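An overview of the molecular structure
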Amino acid sequence: MDLQHLLLLSLLLWSQSQAEVVKSVSECTDFFLHETPPQIPGVLENGEIKDQNRYKPICQTYADRRRFFTLYDMRNKIPVFSAYKFTGEGTIKSPDVRWIIEPQLDRNMVPAECQSEASDNDYIDYNRGFLFPSSYGFSEKDKISTFTVTNSVPQEVTFGKGSWNKMEACVKCVMKKYCMNSNNRIKGYLVTGAEPGNNLLNNNINIPSVMWSAFCCYSSRERKWIASAHWANNVPEEPTGKYMETETLNQLRFRKNSAFVMFPRSQCPPDTTVTDFYPELNDQKDCNCPPTSTTTASPNTTTAVTTTQLPTTMQPATTTTTTATTTTTTTTTTSTTTKDSIIGFNLKW
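None of the values given here were measured: they were computed from a predicted structure.

Another aspect to go through is the packing of aromatic side chains. The geometry of two aromatic rings is summed up by the distance between their centres and the angle between their planes. Within this structure, the stated rule accounts for 11 aromatic pairs. Both rings, one in Tyr178 and one in Phe277, keep their centres 3.7 Å apart while their planes meet at 10 degrees; by these two values the pair is stacked. Remark: Phe277 occurs in the loop between α5 (249–256) and α6 (278–281) and Tyr178 occurs in helix α4 (residues 163–178); sequence separation between them is 99 residues. Here Tyr178 and Phe277 have matching classes, each one buried. Chaining the aromatic ring pairs together yields one cluster made of Phe68, Tyr84, Phe86, Phe132 and Tyr136. Above the plane of the ring of Phe260 lies Lys256, whose end atom (NZ or CZ) is 4.8 Å from the centre.

Right, dumping it as structure tokens:
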């Protein structure tokens, strides 16, 4: 793409992109299951933000349409989580979009390196990891809407391209096949977030110590609600053979806090996973689900596993990746990017 076309594309994205900062989470509930936001102790409780100066609710908007929700931490300059609906993959691949910053963006909302001409040097050891992955968007506009700094965190390169990318591919395959509702439409609800760490990128933006994700949907095929969760440390990993362990919603809950609930007031099963679907899905191209022997099953399920099961009690923040016994690898499209400039959305207060 030549410079002229790139500038035209950048201007087009700038003109259509808005990150609408709303006064309350209740103004942007379309992306939560049963329109009920997560319970995150000390951050978001009963739909109310506990520290409104620090945490900002954002309706991520593109081309005059709201696409997903983000709760943004202004102190750490990373999102707490993004919530979104998966309605199918569509036929358009993730676009090659350059990341732009809107010049009138509130400078307190984004990292300092995002407020100037950012280069690869800013993220020399990290990728910009999506919370709402571009590959999950149905339309091209859905995919483009994910390219915002308020939807990204510094992510270790090998982790982002390795076990995290495999997890995204596997969950997408599960939802495409099993999250068909009673109206014969694909619909899955997801919440993906990051926990602040103790280190800063360029002495400014927090590098998350942990990244996590959970999904839930009704499956007309199985005639029941299904759900699973994932959690892993944001650390370098070997380039091959690792998968994130599949956990139950309760296992994710007790890793963080007993009052931490991703899908409140729902029928999402707290103590089962979707690991029984993996053998069938791994016959398909690019699903990248872990071998059954490397997944974690709920104590209340009958799935046979070889790893130690995590009890439903408070867990230490340890890594949840395991080494696979298979030598077969499949290349998938990662949801991270190392572009040399940054996109932001025009914030409306």
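There is more to say, and it comes next.
Looking now at the state of the cysteines. Across all of its chains, the model carries five disulfides by this definition. A sulfur-sulfur separation of 2.2 Å characterises the disulfide bridge that pairs Cys173 with Cys287. Every disulfide takes its handedness from the sign of the S-S torsion; for Cys173 and Cys287 that torsion is -95 degrees, giving left-handed. With Cys173 in helix α4 and Cys287 in the loop between α6 and β15 (321–323), the pair connects residues that are 114 residues apart, well separated along the chain. For Cys287, a relative accessible area of 1% corresponds to the buried category. Here Cys179 connects covalently by a disulfide to Cys217, the sulfurs 2.0 Å from one another. Taking the sign of the S-S torsion, about -75 degrees here, the bridge from Cys179 to Cys217 comes out left-handed. In this pair, Cys179 is assigned in the loop between α4 and β9 (188–195) and Cys217 in strand β12 (residues 210–219), connecting sequence segments 38 residues apart. Judged on exposure class, the residue Cys179 and its partner Cys217 are both buried.

What counts as what
- Residues numbered from 1 in each chain as written.
- Predicted model: local features only at pLDDT ≥ 70, side-chain atom pairs only at ≥ 80, totals over all residues.
- Heavy atoms only, no water.
- Phe/Tyr/Trp six-rings, centres within 6.5 Å; stacked < 30°, edge-to-face > 60°.
- Helix = DSSP H or I, 4+ residues; strand = E, 2+ residues; numbered from the N terminus.
- Buried < 20%, exposed > 50% of the residue type's maximum accessible area, 1.4 Å probe, protein only.
- Lys NZ or Arg CZ within 6 Å of the ring centre and 35° of its normal.
- Disulfide = S-S within 2.5 Å.

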